[in-house]
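Secondary and tertiary structure notes
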Amino acid sequence: MQTKSPFLPARFHSLTLTVTAVLCGVVLGGTGGCDKPKQAAEPAAESPAVQPPSADGTAASPRPEIAQPPSIAPPPMQPAPGTAPPPMVAPQTAAAPPSMAPNMAPQARMAPPNAAAPQTMAAPQTMAAPQTMAAPRDRVAAADEPIPPTGARSGPMTYPAGTVRDAGAGYATVQVFYATDRERDALSLSAYEIGGQDQIFMVLAGIAIVMLVLAAFQGLRSRTVSSAAAVSLAGVCGAAAAALLFSGQANIEKHGVTYTENRGVLSRGVCQVTVPNSHRRGQVERPSLLRFEVHEDQTKHIVLTEATELDADDFHQRLAATVAQSPAEDLLVFIHGYNVDFQSAVRRTAQIAVDLPFEGVPVCYSWPSQGSLLGYSIDENNVGWTVSHLKQFLTELAQHSGAKSINVVAHSMGNRAMTSALHQMQLSRPGQSAPLFDRVVLAAPDVDADHFRRDLAPALMRIADQVTLYASSDDAALQVSKQVHGYPRAGDGGQNIVVVPGVETIDVSGIDLTLLGHSYYGDNESMLRELYEVIRARLPAPQRNQLISRRLEGHVYWQLAQQTGLGGGAHR
């Protein structure tokens, strides 16, 4: 059989390659959620005992500098075993993270001896000679070291408020509050232990069926070699599909509700998401057939294990209590874009909160996106429909959460709902009212550029302390949106970049080398570091050490320097 394969018809070879490419694309693109890992019952049993240390541990490490330096302390311990760790572990500038954070990065950039001396003495042993280079290096490393820039994490880590950590389990359980106006699914979350693999199963089963039809067609034409090859491929795909169903039930214990792509009523609740200790920054780890994974494993993947719906009063009470436990009493609200289902939105929220790292309370707002590439027009309708619900929810957070700082991050089409909701909120407020929100971030906004300049930006600048817009000329998704709508998008880079006085526009072209270049907000190392300086360090653009100033028609915007390491000082 193998000796005859080179003589297969060219069309069959082409079809086989196409089918293989489709299968690989689905696998590489990640599934919405195949569900089965290990050790689900353990967290439920140990949560009561672990929860108090979690809260204390979170409060005791308000800044990333406190959590990580122990992992880099061994080298300094040889020259100064008794004195080196204290400057790194408790520089006291971290004692009040949000209020002091804005002062830390400028000290590092200016690199005067009085600002960088403690950390320069403690950490950069390999960079000891060039002291002028060591100070910026220390500052950037201090902001990011709770999560190493690449590879698996090591040493103490910083987590959002309410996180439960158990070193023996191999993962941490992150608490994500949510609001959604999706329709509640008739199936519970536990029913998705296998149902989450539907995408892979359907693709494999579909390929098997196509190959069987092709085999029959080739058999009728007396092409036995082609027919046999098609039958073989159908058998492989069919076996793989069957393995997904019969390879054993998931060990993870999942509880609670989940939601569909249809419109519903505004609901609120809290989710538990496990993040493995081996988590790599910028990734939402999911099972992949390329790694021979068909089920979830909490020690390898980010897993949504519980979603509990709450009434409004219970939700706000639990949220306010968790906010009060956080070091800075702040919130991070994430609003997803097009082609995202509920579970994926919650997992992404947890990943961003862990990767910044953010020590406040993460909140996910999920509107009824179809979670499908073909659902763009429906998503456009639904993102407009959700505005009133999002406005209501953001107003509730401002009034009842007790947070001293509310930060809002929206991606892609989600920016349409966010900007419209904030615009309506601002119109209903007295003209001189203080801003309700701290940082508002528009990542790759799929919003009409002219509408943003004229109507939305002025309202955002009055309702938020700082507005930051990220744009890219490499964003293929927004280029398609521009063709569909006929006008530039606010997230376009290059000649169409949107520069509005009072809004910090950051050109991030060149940092995302993926096919679409649209998910840099959560996947790219430099971008996560930049978001940390915006949200956690609360720095304006001139003081953020990865930015290069640019000018367009007399206005200033910024470019994110392309770099692979931790070095700073690429600006100006």
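Just above sits the structure.
Here's what I pulled together on the structure shown here. Small disclaimer: the values here were computed from a predicted structure and weren't measured.

**Side note on the overall build of the chain**
Check the secondary structure of the chain and you find 21 helices and 13 strands. For the chain, the proportion of its 572 residues judged to be buried stands at 52%. Partitioning the intrachain contacts of the chain with sequence separation of at least 6 by distance along the chain shows that 80% fall at a separation of at least 24. Carbon and sulfur atoms make up 59% of the accessible area of the chain, which amounts to about 23,400 Å² in all.

**Side note on the packing of helix H16 (residues 387-400) against helix H17 (residues 414-427)**
Direction vectors running N to C along H16 and H17 enclose 65°, while the axes themselves pass 9 Å from each other. Between H16 and H17 lies a crossing of right-handed hand. Touching Val387, Leu390, Lys391, Leu394 and Thr395 of H16 are Ala417, Met418, Ser420, Ala421, Leu422, Gln424 and Met425, all from H17.

**As for the pattern of salt bridges**
Oppositely charged side chains may form a pair once their charged atoms are brought near each other. Per the counting criterion, the structure on display carries 17 salt bridges. Here Glu296 ties to Lys254 by a salt bridge, and the two come within 2.9 Å at their closest N and O atoms. Linking Glu296 in the loop between strand S4 (259-276) and strand S5 (303-310) with Lys254 in the loop between helix H12 (224-246) and strand S3 (255-256), this pair joins segments that are 42 residues apart in sequence. Of the two residues, Glu296 and Lys254, both sit in the buried class. The closest approach of N and O atoms between Arg544 and Glu504, which form a salt bridge, is 3.0 Å. Here Arg544 is found in the loop between helix H21 (525-536) and strand S12 (547-552), whereas its partner Glu504 is found in strand S11 (residues 504-507), with 40 residues between them in sequence. Grouping residues by exposure puts Arg544 and Glu504 together as buried. If you follow the salt bridges from partner to partner, you end up with Glu380, Arg416, Asp446 and Arg489 in one network.

**Remarks on the side chain of Thr274**
Relative to the helices and strands, Thr274 is located in strand S4. Using a relative accessible area of 1% as the deciding quantity, one classes Thr274 as buried. If we skip the residues at most four places from it in the chain, Thr274 touches Tyr171, Ala172, Thr173, Gln298, His301, Ile302, Val303 and Thr305.

**So, the packing of helix H13 (residues 312-325) against H16**
Direction vectors running N to C along H13 and H16 enclose 50°, while the axes themselves pass 10 Å from each other. Looking at the two axes, H13 sits oblique to H16. Here H13 and H16 pass one another in a crossing that is right-handed. Facing Phe315, His316, Leu319 and Ala320 of H13, the residues of H16 in contact are Phe393, Glu396, Leu397 and His400. Of the residues that constitute the contact of H13 with H16, the class distribution is 5 nonpolar, 2 polar and 1 charged.

**Here we look at unusual backbone geometry**
Note that the residue after Leu356, namely Pro357, is joined by a cis bond; omega there is -5°. Looking at the secondary structure, you find Pro357 in the loop between helix H14 (342-355) and strand S7 (361-366). Positive phi, normally seen in glycine, also occurs at Ala444, with a value near 50°. Among the structural elements, Ala444 can be located in the loop between strand S9 (437-443) and helix H18 (449-463).

**Concerning the nonpolar core**
When a protein is soluble and globular, its nonpolar side chains tend to lie buried together. Leu319, Ile335, Met418, Leu422, Phe437 and Phe452 are the most contacted members of the largest nonpolar core, which totals 53 residues. If one sorts the elements of this core by residue count, H18 sits on top with 6 residues. With residues near it in sequence (within four places) discarded, Leu319 still touches Phe177, Leu331, Val361, Val363, Leu397 and Ser401. One finds Leu332, Phe358, Ile506 and Leu531 within the second-largest nonpolar core, a separate group that totals 26 residues.

**Section: the environment of Gln175**
Tracing the backbone through its elements, the reader meets Gln175 in strand S2 (residues 171-184). Residues Gln175 and Val346 lie 171 residues apart in sequence; the distance between their C-alpha atoms is 10.0 Å. Once residues lying within four places of it in the same chain are set aside, the contact partners of Gln175 are Gly162, Val270, Cys271, Gln272, Arg318, Thr322 and Pro362.

The rules we used
In every chain, residue numbers begin from 1 and rise along the written sequence. With the structure being a predicted model, the display of local features is reserved for residues of pLDDT at least 70 and the display and counting of side-chain atom pairs for 80 or more, all residues being used for whole-chain, interface and lining totals. Note that the side-chain values use all heavy atoms of the structure and ignore hydrogens as well as water. Note on conventions: DSSP H or I runs of at least 4 residues are helices, E runs of at least 2 residues are strands, and numbering of each starts at the N terminus. Think of it in three bands: with a 1.4 Å probe and only protein chains considered, a residue is buried below 20% of the maximum accessible area for its type, exposed above 50%, and partly exposed in between. By definition in these notes, contact holds between two residues if any of their heavy atoms fall within 4.5 Å. All accessible-area figures derive from a Shrake-Rupley calculation using a 1.4 Å probe, and residue coverage is judged against the displayed protein chains alone. Interaxial angle, 0 to 180 degrees, is taken between N-to-C directions of lines fitted to C-alpha atoms, where a helix line uses only the stretch in contact. Left-handed describes a crossing in which the near helix is turned anticlockwise from the far one by less than a right angle; the clockwise case is right-handed. Salt-bridge detection follows one rule: a side-chain nitrogen of Lys or Arg within 4 Å of a carboxyl oxygen of Asp or Glu. Roughly parallel refers to an angle under 35 degrees, roughly antiparallel to one over 145, roughly perpendicular to one between 65 and 115, and oblique to any angle outside these ranges. Each residue receives one of three labels: charged for Asp, Glu, Lys and Arg, nonpolar for Ala, Val, Leu, Ile, Met, Phe, Trp, Tyr, Cys and Pro, and polar for the others, Gly being one of them. Nine residue types can take part in a nonpolar core, namely buried Ala, Val, Leu, Ile, Met, Phe, Trp, Tyr and Cys, and a core is a set of them joined through side-chain atoms within 4.5 Å.

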